[in-house]
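Single-letter residue listing:
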Amino acid sequence: MGIPTSANAADTVVAVSDLTRVYGHRRAADGVSFAVGRGEIYGIIGPNGSGKTTSIECVQGLRVPTSGTIRVLGLDPATQRGALRHRIGSQLQESALPDRLRVWEALDLFATLSPKSRDWRGLARDWGLWESRSTAFADLSGGQRQRLFVALALVNEPEVVSLDEMTTGLDPSARHAAWELVGEVRDRGATVVLVTHFMDEAEALCDRIAVFRDGRVLAIDTPAGLVQRFAGESTVQFTHEGDVPWLSACEGVSAVHRSGTHFAVRGEGPLLAHVAAALVAHGIAPLDLSVERPTLEQAYLRISEMEDRTP
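Summary of the structure given here. (Residues numbered from 1 in each chain as written. Predicted model: local features only at pLDDT ≥ 70, side-chain atom pairs only at ≥ 80, totals over all residues. Heavy atoms only, no water.)

### Thoughts on the packing of aromatic side chains
Note the threshold: Working definition: a ring pair exists when centres of Phe, Tyr or Trp rings (six-membered ring for Trp) sit within 6.5 Å. Plane angles under 30 degrees give stacked, over 60 give edge-to-face, the rest tilted. Each residue gets one of three labels from its accessible area relative to the maximum for its type: buried under 20%, exposed over 50%, partly exposed in between, using a 1.4 Å probe on protein chains only. Note on conventions: DSSP H or I runs of at least 4 residues are helices, E runs of at least 2 residues are strands, and numbering of each starts at the N terminus.
Across all of its chains, the model carries six aromatic pairs by this definition. With a centroid separation of 5.6 Å and an interplanar angle of 20 degrees, the aromatic rings of Phe-34 and Tyr-42 are classed as stacked. Judged by its relative accessible area of 0%, Tyr-42 is buried. Relative to Phe-212, the ring of Phe-34 lies with its centre 6.4 Å away and its plane at 65 degrees, an arrangement referred to as edge-to-face. On the criterion of sequence distance, the pair formed by Phe-34 in strand E2 (residues 26-37) and Phe-212 in strand E8 (residues 208-213) is long-range, its members being 178 residues apart. An identical accessibility class is assigned to Phe-34 and Phe-212; each is buried.

See below:
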């Protein structure tokens with residue numbers, strides 16, 4: 001599976017090349033390479049133990065690679081972490097604060113430590129923490145703790161922010177609110193590296209996605225690119241009384257199936273647009289025209305199946 005790893009070189013803010021991290025006899029990261037462009041929301045997906053968090057912790061300077069090279073904003077996080085500290089933000093999967101520290105105290109402390117910080121009060125409101133601002137860390141729910149760690153990662157107005165499973169423990173409404181806020185983080189000029197195991201989250205937010213497994217990167221592409229390459233065809237459906245023999249020659253169409261007045265058209269690419277244009281050109285405008293698209297989850301499962309069959 002050819003893996004395009006590079007962003008535009010001039011706009012690359014995170015560059016990882018042949019990263020390997022070994023623990024004893026286990027390779028948590030095994031030749032990982034990817035590049036993140038300025039202003040991207042870059043997704044990293046894969047099962048537990050696939051090397052996602054290890055790779056991001058190396059990018060953040062929290063772990064030193066066994067081999068390979070990493071550059072973040074042109075700097076080596078292993079040896080120049082001090083120079084990067086106020087330019088990046090990190091929300092880690094496993095984090096903790098002192099039990100008695102209150103929400104507002106944590107946000108105020110982090111803001112004080114940064115030479116270029118946001119008003120923590122706005123962050124508290126954005127991330128649903130204002131009402132619990134006087135609550136001690138030990139008394140926060142799991143979802144509240146997640147939101148606090150994301151807010152702490154953003155308080156220094158980072159140029160690059162890493163979010164590791166940021167919506168774990170959040171209810172569906174809070175998850176979707178968090179998605180909107182991540183988009184706003186990018187709109188403020190930050191580049192976002194998002195580690196997630198939620199396929200709908202990756203599909204909704206990410207410009208490009210790297211698929212990890214067993215410490216390696218199996219594929220990199222846009223969400224739509226991964227779906228098109230690995231998840232198979234879309235199906236356009238509609239009802240019509242007459243026949244449509246010319247539809248099989250329509251661009252992107254691989255097969256047309258008819259059952260009575262019901263038509264199912266299979267194919268690739270912008271299939272709905274091509275089929276709809278062809279139908280309208282022949283004076284047909286079905287009211288029930290619809291499309292069933294393959295999903296990123298299906299693409300991810302297909303990539304995993306292909307890996308399982310590789311000798």
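### Comments concerning the sheet that holds E2
Operational definition: Following DSSP output, two strands are said to pair if at least two bridges run between them. Where helices are involved, their axes are fitted lines through C-alpha atoms of the stretch in contact, as for all axes, and angles between N-to-C directions lie from 0 to 180°. Residue contacts follow a heavy-atom distance rule, with two residues in contact if any of their heavy atoms lie within 4.5 Å.
A sheet is described by the order of its strands in space; here three strands give the open sequence E2-E1-E4, paired in antiparallel fashion. Looking at the sheet topology across the chains shown, the edges are occupied by E2 and strand E4 (67-72). Across the sheet, the axes of successive neighbouring strands diverge by a mean angle of 15 degrees, strand direction being ignored. Across five bridges, strand E1 (residues 12-23) lies against E4 in antiparallel orientation. Bridged to Ala-15 within E4 is Arg-71. Packing of helix H1 (residues 52-59) onto the sheet brings it into contact with E1, E2 and E4, and relative to E1 it is tilted by some 120 degrees.

### What about the layout of surface pockets?
Inclusion rule: Two kinds of site are reported from a 1 Å grid over the protein atoms alone, namely cavities, where a 1.4 Å probe fits but cannot get out, and pockets, open sets with protein on both sides within 12 Å along at least five of seven lines, and residues are called lining when an atom falls within 4 Å of a point. Grid points are joined across faces, edges and corners, and a volume is the space filled by probe spheres set on the points. Throughout this entry, Asp, Glu, Lys and Arg are counted as charged residues, while Ala, Val, Leu, Ile, Met, Phe, Trp, Tyr, Cys and Pro are counted as nonpolar. The remaining residues, Gly among them, count as polar.
Size it by volume and the largest pocket reaches roughly 610 Å³. Contributing to the lining of the largest pocket are 21 residues, with Arg-85, Ile-88, Ser-90, Phe-110 and Leu-152 lying nearest its centre. Sorting the residues of the lining of the largest pocket by element identifies strand E5 (88-91), helix H3 (103-113) and helix H5 (142-154) as the ones contributing at least two each. Among the elements that line the lining of the largest pocket, the one with the most residues is E5, at four residues. A breakdown of the residues in the lining of the largest pocket according to their chemical character gives eleven nonpolar, eight polar and two charged. Quantified by volume, the second largest pocket comes out at close to 310 Å³.

### Concerning the packing of H3 against H5
Put simply, the test is: Roughly parallel means an angle under 35 degrees; roughly antiparallel means over 145; roughly perpendicular covers 65 to 115; every other angle is labelled oblique. Take the far helix as your reference; a near helix turned counterclockwise from it by less than a right angle gives a left-handed crossing, and one turned clockwise gives a right-handed crossing.
Orientation of H3 relative to H5, taken along the N-to-C sense of each, is 20 degrees, at an axis distance of 9 Å. Taken together, H3 and H5 sit at an angle that is classed as roughly parallel. For the crossing formed where H3 meets H5, the hand is right-handed. Of the residues in H5, those touching H3 at Val-103, Ala-106, Leu-107 and Phe-110 are Leu-148, Ala-151 and Leu-152.

### Structural notes on the nonpolar core
We apply this condition: Side-chain atoms within 4.5 Å are what join buried Ala, Val, Leu, Ile, Met, Phe, Trp, Tyr and Cys residues into a set we call a nonpolar core.
Within the largest apolar cluster, 51 residues are counted, with the highest numbers of intra-cluster contacts made by Trp-127, Leu-148 and Met-166. Here the element with the most residues in this core is H5; it accounts for seven residues. Those residues in contact with Leu-148, other than ones at most four positions away along the chain, are Leu-97, Val-103, Leu-107, Leu-129, Phe-137 and Leu-140. Counting residues in each nonpolar core, the second largest holds 26 residues, with Ala-29, Cys-58, Val-59 and Leu-75 among its members.

### A short note on the sheet that holds E8
Here we have six strands laid out as an open sheet, ordered E5-E6-E7-E3-E8-E9, and mixed in their pairing. Bordering the open sheet on either side are E5 and strand E9 (216-221), each of which pairs with just one other strand. On average, each strand axis in the sheet is tilted by 15 degrees relative to the strand beside it, whichever way the strands run. By the bridge criterion, four bridges tie strand E3 (residues 41-45) to E8 in an arrangement that is parallel. The residue bridging Ile-45 from the neighbouring strand is Val-211, located in E8. H5 contacts E5 and strand E6 (160-164) of the sheet and is inclined by roughly 170 degrees relative to E5. Helix-sheet contacts for helix H8 (residues 223-230) involve E8 and E9, and the interaxial angle to E9 is about 105 degrees.

### Notes on the pairing of E3
The buried fraction of E3 amounts to five of the five residues, a majority that puts the element mostly inside the structure. Judged by which residues are buried, E3 turns out to be covered on both faces: Ile-41, Gly-43 and Ile-45 on one side and Tyr-42 and Ile-44 on the other are all buried. Strand direction decides the pairing type here: E3 and strand E7 (residues 191-195), joined by four bridges, are parallel. Following the sheet pairing, Tyr-42 is matched in E7 by Val-193.

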